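Listed here are the chains, written in short residue letters.
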Amino acid sequence: MFGRHFREQRKMVLITAQMRVHDKWHKIAIINVSVSGLLARSSEPPSEGVQVEIHHRGMIIQGTVMRRTSRRFAIKASALIDLNRLLAKSDIASKSSESKWLSRNGWLWHWRNR
């Protein structure tokens, strides 16, 4: 509507991982993730359009850098990201206590929705 496109629901996380750009490895921190991509922080973010691989505990996410700033960059994943597998491998899977904050339609309660 009015030139805006649909964005997948994002989950805020803090996951340390390794990123391969060409033949070099970099330490990164994933700060939010959705099924279609992720936002990460690095001291040397890759340039836009570069193909990267993110490695975390045996899971590999391949994608293209779509945006970057001085420390952050966004990646569009080549394939859908299995959030349950990624978060389970990170020991931060959704807790059962989050269910009490669900609204009637199944979305998490958020202060902007008040």
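Residues numbered from 1 in each chain as written. Predicted model: local features only at pLDDT ≥ 70, side-chain atom pairs only at ≥ 80, totals over all residues. Heavy atoms only, no water.

Here we look at the overall build of the chain
Using the following cut-off: Comment: elements are numbered from the N terminus, with helices defined as DSSP H or I runs of at least four residues and strands as E runs of at least two. Working definition: with a 1.4 Å probe on protein chains only, accessible area under 20% of the residue-type maximum means buried, over 50% means exposed, and in between means partly exposed. Contacts: residue pairs with any heavy atoms within 4.5 Å of one another. In short, Shrake-Rupley with a 1.4 Å probe defines the accessible areas, and a residue's cover is counted only from the protein chains shown.
Per the secondary structure count, the chain includes 1 helix and 6 strands. For the chain, the α and β elements follow one another from N to C terminus as β-β-β-β-β-β-α. Buried positions account for 33% of the 114 residues belonging to the chain. Taking all contacts inside the chain whose residues are at least 6 apart in sequence as the whole, residues at least 24 apart take part in 48%. Split by element, the accessible area of the chain, about 8,600 Å² in all, is 51% carbon and sulfur.

Thoughts on the confidence of the model for the chain
Rules: As a per-residue measure, pLDDT reflects the predictor's confidence and takes values from 0 up to 100.
On average, residues of the chain carry a pLDDT of 83, and 72% of them reach 70 or more. The low-confidence segment residues 94-104, where pLDDT is below 50, has 8 contacts with residues more than four positions distant or belonging to other chains.

Notes on the pairing of strand β3 (residues 37-41)
Applied cut-off: Two strands qualify as a pair provided that DSSP identifies no fewer than 2 bridges between them.
When you tally the buried positions in β3, you get 4 out of 5 residues, the bulk of the element. In this structure, strand β2 (residues 24-34) lies alongside β3, joined through 5 bridges in antiparallel fashion. Directly across from Asn32, in β3, lies its bridge partner Leu39. Hairpin connection from β2 to β3: 2 residues lie between these consecutive antiparallel strands. Relative to strand β6 (residues 72-77), β3 runs antiparallel, the two sharing 5 bridges. Among the inter-strand pairings, Leu39 is bridged to a residue of β6, identified as Ala74.

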